[in-house]
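Descriptive analysis of the structure
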Amino acid sequence: MTRRTGQLHLNAFLKPPGEYLAAWRHPDTAADAGVNIREVLSFARTAERATFDAVFLADLVGVPFASEDVLSRVSVVNDSFEPTTLLAALAAGTSRIGLIATASTSYNEPYHVARTFASLDHISGGRAGWNVVTSLNDGEAQNFGLDAHLDHATRYDRAEEFHDVVTGLWDSFEDDAFRHDQASGVYFDPAKLRALNHEGKHLKVAGPLNIARPPQGHPIVVQAGASEAGKNLASRIADVIFSGINDLGRAQEFYAEIKERAAAHGRDPDHLKVLPALSVVTAPTESEARDKLARLTELLPPQVALADLSYWLGGFDLSPYPLDGPLPELPVSNQSQTAQQQIYENARRDHLTIRDLVHRVANDDRTVTGTPQQIADHIEEWFHGRAADGFNVVFPYLPGTLDDFADLVIPELRRRGLFRTHYTGTTLRDHLGLPRPSRRA
Amino acid sequence: MTDPTARRLTLGALVQGSGGHIAGWRHPDARPDGQLDFAFHADLARTLERGRFDALFVADVVALWGHQLDSLSRTGRAEHFEPLTLLAALSLVTEHIGLAATATTTYNHPFHIARKFASLDHISGGRAGWNVVTSVVPLEAANFGYDRHLEHELRYHRADEFVQVVKALWDSFDDEAVVRDKATGRYYDPTGLHTPHHRGEHFAVRGPLNISRPPQGHPVVFQAGSSETGREFAARHGEVLFTTQHELGAAQAFYADIKARAAAHGRDPAHVLVWPGLSPLVAATETEARRRLTELQDLIHDDVARRLVQDNIGDLDLSDHPVDGPLPDIPETNRSKSRRDLLLKLAHDEKLTIRQLAHRFAAGSAVAGTPEQIADHIETWFRSYAADGFNISFPYLPGPAEDFVDQVVPLLQQRGLLRTEYEGTTLRENLGLPRPAVRDRHLQETGR
Ligand SMILES: Cc1cc2nc3c(=O)[nH]c(=O)nc-3n(C[C@H](O)[C@H](O)[C@H](O)COP(=O)(O)O)c2cc1C
Ligand SMILES: Cc1cc2nc3c(=O)[nH]c(=O)nc-3n(C[C@H](O)[C@H](O)[C@H](O)COP(=O)(O)O)c2cc1C
């Protein structure tokens, strides 16, 4: 393994009160953290103190379908801030950390999205990022007049056009178009403005945008597609790619493939940062860390674990199948094909029954537990093994697992020279070491 | 404020970084680049809070505000923050002041709007307000795939259904439904969830909203309809109504009309607040205040002056006409029996030049005077039922806002018109508006 120079990029994936479905029941969480600004602000400030590149807020534009009994036992999907309003508030309450939020290309208008993220970029002094998603479930579609979610191919086709419209709108004005010259009375130079006049397959948008070019030129673009269409889009448009892969070998393949695809699109592969998700519970000793996780996972009702498994398999009802039997052959998911495939692969490889799979969900098997040294070793192995340019750090419950990461893992990473000790730039682009895009000709 | 049921003055401020006057940004004491400066907006919000304003309000247009670049490029209208992001950020640097913004029902979707305002209400601890507009600027259509702006009646028809859907989404959860009981593991009580399942003429929205009921129940609904259809809409849904009124008699008539319409819809007229616009310029003497207004008017560029006249009268090209000359003749056929006729008659009768007419439009609801004179104006309009409060637009910023807060507000307080401390913690409480119950809403919808 050839060691890499350079440092990690770390993103704090905040899903208050935590990623684990029963996090809200944990004695140390605020059950209402999804709608409690003081809580979320303190998480963001902790992440900023730990010099994370950014915080990230995921989003669904609707409640996924599940039984009343299951839904009434979970928090995040039912009761969370809308991410762009939350990010704007966090912008006012922090000064350096990047601020990334999801916005769907399937159930939005590009003019609104372009404006919102441009505005966030101005409010935050160049710290905004947009996670481009095509949305996941029928519960979202039905809030926007459709009976079912758009099919996967159409979604990605629209997403690409949507992205191009948004970046085109960001480029409405040249960087120095606004003169604000009181003496001559020239507010902006009209020669430095252009309308987009886009007419495409899915969208028709005249523009121009009603705001100056964002401080970063374009806010950072994040993508997390992992299907063929997803990878193709991400490698063309993204500055950062999130992935959910938690197997080193697969992550290395994904990493190599993404960098290759970026190069094939004529891009510098270094300008596309691959950040796999990494869920961490850490403590000074291994057993303490495991106990911490166990105290969390005992809080999950079994029916919620089963529902979560069927959600990630594509929303298919698993109740007709025997729990001690194998996973049935289900139709291809129209939500996340990658998540579905990964569950199948694991099930085949390890000969798992439905019950085993439910246990894995319930036990949160994706979470890495260990001492700060062990976590840092894991991170180092992935980083130097070219499986990651950094991580999208997932916190099973908040603030506990974030505080532990900030207090224990970050100092260890710094000691090893893997992570910054302070911010050297002011924008998210600076933190990520990415060039500022010039205005499209 | 001793008697909580007594009628009390309420105040809002229209916030625009470049100031309310079209040439405000050019004033030597103004911040020419204030539009996109968050710190500047934060300071202003805190000044208004010091002046015990009920709310600050951010107007919005989802397009570049005009296509005539010669004039547009000389105004601060070409750039502004997206309002919801601005308000959410301001909520963190203020504690009491209400935070209201425009969102159009014509080029938005109700799920997003319900969600963003609910989110803002939670973030701000119950200080959100939504100004429901159907969009006045036809240019918006082209940013959303339409060739033409939706027609006026249709816009309001859509708005009506839009508001119903938004309120049903806000009421997805009963107030007490979200129990978050760690011990039993119930986050919410399923009997307190009301999924709207809305299927109407314009929207199909299943719901529920993915956030608990806003602290105010519903964020406060602002509105500014002025046509017959618009007033009906305002009287049905609006809780704070903006109106452009330059003259006491007309303002009283509007006030009476709106209150009567609200009563006809079965609403308590006291729960519909009428806020005419007001642009105060305060100085030690009236002469000084007027001099300042003139100073501002002189900063209006000729192209901007022509544009102002065109915008207000419509349908005519003045580019080849000297700005210090009279209005050209306007062919009969182009005329409609409207405000336009009145303006043309005014210009003709008073022999106004294009520039003079433009100055009238630019001055709008300007009142230049001493602190006493401004306070008198406010008191007179309030006491004679022309206004429950005012939507105050400062000609430029920040000076006139500071002057108002430091010099006029204390007078209003001395006269017992304005609070010295905020009455409550939410915008609704400060405005004296009741918090809507979930039940009311559902009874209303089923017509029972
Ligand atoms: C870390 C991470 C965060 C994600 N956040 C969101 C999100 O906020 N909203 C959403 O609809 N999808 C989200 N996704 C799903 C992806 O956008 C994508 O749909 C998924 O990875 C499957 O890829 P595919 O669409 O190419 O099949 C996320 C995925 C990952 C790995
Ligand atoms: C103080 C005030 C603020 C307004 N703000 C907006 C706005 O932000 N966006 C908008 O499209 N219209 C705005 N309007 C226009 C009104 O919503 C309304 O369309 C206009 O008064 C004409 O009335 P009508 O719609 O009944 O014809 C505003 C009007 C007033 C008086």
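Owing to the predicted nature of the structure, the values given are computational and were not obtained by experimental measurement.

The next point concerns the overall build of chain B. A tally of regular secondary structure across chain B gives 15 helices and 11 strands. Since a compact globule built from 448 residues should have a radius of gyration of about 22 Å, the 22 Å found for chain B is in line with a globular shape. Considering chain B as a whole, with its 448 residues, one finds that 60% of them fall into the buried category. Contacts in chain B between residues far apart in sequence, at least 24 positions, make up 78% of those at least 6 positions apart. Summing over all exposed atoms, chain B offers an accessible surface of approximately 17300 Å²; the carbon and sulfur share of this is 50%. Charge separation in chain B, taken as the distance between the mean sites of 48 positive and 60 negative side-chain charges, equals 3 Å.

Opposite the 75 residues of chain A that make contact, chain B presents 71 residues. Buried area between chain A and chain B, summed over both chains or domains, comes out near 6200 Å², and the portion from carbon and sulfur atoms is 57%. Among the residues chain A hides against chain B, the three largest losses belong to Arg115, Gln182 and Tyr187 of chain A. Together they make up 12% of the total. Viewed at the interface, chain B and chain A are joined by six salt bridges.

Residues and elements named next belong to chain B. Orientation of helix 1 (residues 38-50) relative to helix 3 (residues 83-93), taken along the N-to-C sense of each, is 55 degrees, at an axis distance of 10 Å. Classed by the angle they form, the pair helix 1 and helix 3 counts as oblique. Crossing handedness for the pair helix 1 and helix 3: right-handed. Facing helix 1, whose interface residues are Phe38, His41, Ala42, Ala45 and Arg46, helix 3 presents Leu86, Ala89, Leu90 and Val93. Residues that form the contact of helix 1 with helix 3 fall into these classes: seven nonpolar, one polar and one charged.

One rule of thumb: low pLDDT means the predicted coordinates there are not for detailed reading. All names here are of chain B. On average, residues of chain B carry a pLDDT of 92, and 94% of them reach 70 or more. Taken as a whole, residues 442-448 scores under 50 in pLDDT and shows five contacts with residues more than four places along the chain or in a different chain. Taken over the whole predicted complex, pTM reads 0.96, whereas the ipTM for its chain interfaces reads 0.96.

The subject of this paragraph is the packing of helix 3 (residues 83-93) of chain A against helix 4 (residues 110-123) of chain B. At a minimum axis separation of 8 Å, helix 3 of chain A and helix 4 of chain B run at an interaxial angle of 35 degrees. Note on packing geometry: the crossing formed by helix 3 of chain A with helix 4 of chain B is right-handed. Across the interface between the two elements, Pro83, Thr84, Thr85, Leu86 and Ala89 of chain A of helix 3 of chain A pack against Arg115, Lys116, Ser119 and Ile123 of chain B of helix 4 of chain B. Within the contact of helix 3 of chain A with helix 4 of chain B, the residues separate by chemical class into four nonpolar, three polar and two charged.

Bringing unusual backbone geometry into the picture now. Both trends apply: most residues other than glycine have a negative phi, and most peptide bonds are in trans. The step from Pro16 of chain A to Pro17 of chain A runs through a cis peptide bond, and the omega angle for that step is 0 degrees. Relative to the elements of secondary structure, Pro17 of chain A occurs in the loop between strand 1 (9-13) and helix 1 (37-49). The omega torsion across Gly207 of chain B and Pro208 of chain B is -5 degrees, close enough to zero to call that bond cis. With respect to the helices and strands, the residue Pro208 of chain B is situated in the loop between strand 6 (204-205) and strand 7 (220-223). Unlike most non-glycine residues, Asn197 of chain A shows phi in positive territory, near 45 degrees. Mapping Asn197 of chain A onto the fold places it in the loop between strand 6 (186-188) and strand 7 (198-199).

The subject of this paragraph is the nonpolar core. Counting residues in each nonpolar core, the largest one holds 179 residues, and the members touching the most others are Phe52 and Phe405 of chain A together with Phe404 of chain B. Top contributing element to this core by residue count: helix 5 (residues 152-170) of chain B, with eight residues. The contact partners of Phe405 of chain A, leaving out residues within four places of it in the chain, are Leu10, Phe52, Val280, Thr282, Ile375, Ile379, Val393, Phe395 and Ile410 of chain A. Leu281, Ile300, Leu316 and Ile354 of chain B belong to the second largest nonpolar core, which has 31 residues in total.

All names here are of chain A. The environment of ligand 1 is made up of 23 residues, and the closest members are Asp59, Thr102, Tyr156, Ala224 and Ser227. Here Asp59 contributes a backbone N or O atom positioned 2.7 Å from an oxygen atom of ligand 1. Separating an oxygen atom of ligand 1 from a side-chain N or O atom of His152 is a distance of 3.0 Å. Protein chains bury 90% of the 610 Å² of accessible surface belonging to ligand 1 in isolation. Breaking the shell around ligand 1 down by element, the ones donating at least two residues are strand 4 (128-133), helix 6 (152-170), strand 10 (240-243) and helix 11 (337-350). Here the shell around ligand 1 is built from residues that sort into nine nonpolar, 13 polar and one charged.

By the definition in use, this model includes 69 salt bridges over all chains. The salt bridge partner of Arg199 of chain B is Asp147 of chain A, with a shortest N-O separation of 3.3 Å. Taken together, the positions of Arg199 of chain B in strand 5 (residues 198-199) and Asp147 of chain A in the loop between helix 5 (138-141) and helix 6 put the pair across two chains. A relative accessible area of 66% places Arg199 of chain B in the exposed class. Judged by relative accessible area, Asp147 of chain A falls into the exposed class, the value being 54%. For Arg291 of chain B, the salt bridge identified is with Glu288 of chain B, shortest N-O distance 3.1 Å. Of the two residues, Arg291 of chain B and Glu288 of chain B both sit in helix 8 (residues 286-297), three residues apart, roughly one turn of that helix. One connected set of salt bridges, linked through shared partners, spans Arg3, Asp377, Glu380, Glu412, Arg415 and Arg416 of chain A.

Thresholds applied
- Residues numbered from 1 in each chain as written.
- Chains lettered and ligands numbered in written order.
- Predicted model: local features only at pLDDT ≥ 70, side-chain atom pairs only at ≥ 80, totals over all residues.
- Heavy atoms only, no water.
- Helix = DSSP H or I, 4+ residues; strand = E, 2+ residues; numbered from the N terminus.
- Rg over C-alpha atoms; globule rule 2.2 N^0.38 Å.
- Buried < 20%, exposed > 50% of the residue type's maximum accessible area, 1.4 Å probe, protein only.
- Contact = heavy atoms within 4.5 Å.
- Areas by Shrake-Rupley, 256 points an atom, 1.4 Å probe, with all protein chains shown as cover.
- Lys, Arg positive; Asp, Glu negative; His and termini not counted.
- Charge placed at Lys NZ, Arg CZ, Asp CG, Glu CD.
- Buried area = accessible area lost by both parts, 1.4 Å probe.
- Salt bridge = Lys/Arg side-chain N within 4 Å of Asp/Glu carboxyl O.
- Axes fitted to C-alpha atoms, helices over the stretch in contact; angles between N-to-C directions.
- Parallel < 35°, antiparallel > 145°, perpendicular 65-115°, else oblique.
- Left-handed = near helix turned anticlockwise from the far one by under 90°.
- Nonpolar A, V, L, I, M, F, W, Y, C, P; charged D, E, K, R; others polar.
- pLDDT = per-residue confidence, 0-100.
- Core = buried A, V, L, I, M, F, W, Y, C linked by side-chain atoms within 4.5 Å.
- Near = heavy atom within 4 Å.
- Polar contact = N/O pair within 3.5 Å; in protein donor to acceptor, adjacent residues only side chain to side chain.

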